[in-house]
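Listed below are the residues making up each chain.
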Amino acid sequence: MKQWVEKLLQQLDISFHHDSDANTSTEKAPPLLSEDKATLLYIIDTYNKHLFEIEKHSIRKVREKLDNMAKALVDPDPEKTERTLFEIRQFFSSYRIDEYSYIQNTFDDFKRIVWDFADQLSEDLQFESTKEKQLATNLKDLKEAVDANSIELLRSKSRDFINSYVEYQHQKNELRNKRIQSTKKNLDTVKKQLMEAHSNLNIDHLTSANNRKSFDEYLKKLMQMQALNQTPLSLIMLDIDYFKKINDSYGHDIGDFVLKECVKTMKEVFTKEDEMVARIGGEEFVVVLPNHSAEHAVIRAEELQKRIRNEVFIQGDIDIRFTVSMGIAQLLKDENTSDWLKRADLALYQSKNSGRNRYTTAGKLLKQPKAS
């Protein structure tokens with residue numbers, strides 16, 4: 001197999017067993033995997049890492065289904081492969097429609113609120129226009145009555161104008177109060193939906209960590225500031241060790257619990273306003289540390305690793321222990337974001353390859369020589 005395929009299988013941490021009898025099993029090496037299958041596996045894993053809750057499809061159930069597809073995909077049995085490919089096509093054809101419908105319905109709800117708000121303002125303007133025309137007509141009649149030199153006509157038209165003017169002011173005040181209440185209600189609803197939309201766009205729904213989008217935006221902002229202040233900037237990329245085995249052993253509910261507890265612990269360690277904790281994959285996280293050298297970042301990483309390593313996380317009657325592997329990288333002079341993240345990822349990969357439950361500080365990225 002090509003190196004990227006082997007790395008993918010290792011990152012997915014899929015367990016392969018050979019059944020020797022009903023009660024025991026022995027682990028064996030993963031089977032050979034074609035690039036076509038590996039590409040499908042990569043797509044499934046990427047999709048799995050960026051799920052969001054939609055109607056009729058809970059994240060837990062969808063993730064479980066995708067995990068089963070991934071495991072079935074690496075099975076060498078041709079018949080099983082054919083069934084799995086059919087399941088993949090069937091799943092994505094239906095799930096994508098439901099996903100699109102959910103987003104469209106949410107957007108339609110938001111449009112309806114804005115439309116009601118605009119419609120209310122339109123009705124108010126139309127009312128004022130109509131009433132002002134009526135008032136203008138009564139005022140014109142009053143002027144004509146003055147010119148006619150008729151006391152009786154002047155008395156009648158004056159009474160009509162005063163009554164219409166008083167009624168107009170009364171209705172206008174009532175309408176203004178009604179409009180204020182209605183506008184406030186609409187604005188509160190719109191504000192709430194905008195805040196929810198902003199949160200959905202920037203916060204991971206499961207763990208309440210920042211998501212990949214907000215992480216990318218924050219890095220872009222920091223890189224722009226970096227050109228001005230030249231202060232040290234570091235990040236920690238970390239991965240929960242053997243997370244797939246936690247899911248396999250205890251189920252996805254416990255897996256979700258571990259993810260949330262990991263983020264909770266991270267937020268207890270990294271509390272400064274400019275320190276970002278972000279979830280960038282299924283069980284992969286990043287901590288951005290402005291004004292931190294690599295040495296300073298190592299101290300913070302050791303604190304987090306010690307906290308997680310020594311903690312017993314309790315969910316119901318289950319006691320869970322887990323560890324994390326880390327890659328630490330300080331931004332180098334004139335380094336771009338892509339190379340910075342790549343160095344951190346390689347350092348994380350080295351930690352996982354050398355036994356996990358440890359950190360590795362990234363070295364310089366070796367540039368490949370250009371082909372002559």
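Residues numbered from 1 in each chain as written. Predicted model: local features only at pLDDT ≥ 70, side-chain atom pairs only at ≥ 80, totals over all residues. Heavy atoms only, no water.

Named according to an unreviewed UniProt entry, the protein chain is diguanylate cyclase originating from Pseudobdellovibrio exovorus JSS. The record in UniProt for the protein chain states the following under Catalytic activity (unreviewed entry): "2 GTP = 3',3'-c-di-GMP + 2 diphosphate". (UniProt positions renumbered as here; feature names shortened; annotations may be inferred.)

(A) Molecular detail of the pattern of salt bridges. A full pass over the atoms with the stated rule returns 11 salt bridges. Among the salt bridges present, the one from Asp 239 reaches Lys 352, with a minimum N-O distance of 3.8 Å. One end of the pair, Asp 239, is in strand 3 (residues 233-240); the other, Lys 352, is in helix 10 (residues 337-353), with 113 residues separating them in the sequence. The partner of Glu 275 in a salt bridge is Arg 300, with the nearest N and O atoms 2.8 Å apart. One end of the pair, Glu 275, is in the loop between helix 8 (252-269) and strand 4 (276-279); the other, Arg 300, is in helix 9 (residues 294-310), with 25 residues separating them in the sequence. (Salt bridge = Lys/Arg side-chain N within 4 Å of Asp/Glu carboxyl O. Helix = DSSP H or I, 4+ residues; strand = E, 2+ residues; numbered from the N terminus.)

(B) Representation of the packing of helix 7 (residues 243-250) against helix 8. One can describe the packing of helix 7 onto helix 8 by two numbers: an axis separation of 7 Å at closest approach and a directional angle of 140°. In terms of their interaxial angle, helix 7 and helix 8 are classed as oblique. From helix 7, Phe 243, Ile 246, Asn 247 and Tyr 250 reach across to helix 8, where they touch His 252, Ile 254, Gly 255, Val 258 and Leu 259. When grouped by side-chain class, the residues that make up the contact of helix 7 with helix 8 number 6 nonpolar, 3 polar and no charged. (Axes fitted to C-alpha atoms, helices over the stretch in contact; angles between N-to-C directions. Parallel < 35°, antiparallel > 145°, perpendicular 65-115°, else oblique. Contact = heavy atoms within 4.5 Å. Nonpolar A, V, L, I, M, F, W, Y, C, P; charged D, E, K, R; others polar.)

(C) Structural view of the packing of aromatic side chains. In total, this model carries 5 aromatic pairs according to the counting rule given. Geometrically, the ring pair formed by Tyr 47 and Phe 92 is edge-to-face, given 5.1 Å between the ring centres and 85° between the ring planes. With Tyr 47 in helix 2 (residues 35-49) and Phe 92 in helix 4 (residues 78-148), the pair connects residues that are 45 residues apart, well separated along the chain. Here Tyr 47 and Tyr 95 contribute two aromatic rings whose centre-to-centre distance is 6.0 Å and whose plane-to-plane angle is 75°, an arrangement assigned as edge-to-face. Separated by 48 residues along the polypeptide, Tyr 47 in helix 2 and Tyr 95 in helix 4 bring together distant segments of the chain. A relative accessible area of 1% places Tyr 95 in the buried class. (Phe/Tyr/Trp six-rings, centres within 6.5 Å; stacked < 30°, edge-to-face > 60°. Buried < 20%, exposed > 50% of the residue type's maximum accessible area, 1.4 Å probe, protein only.)

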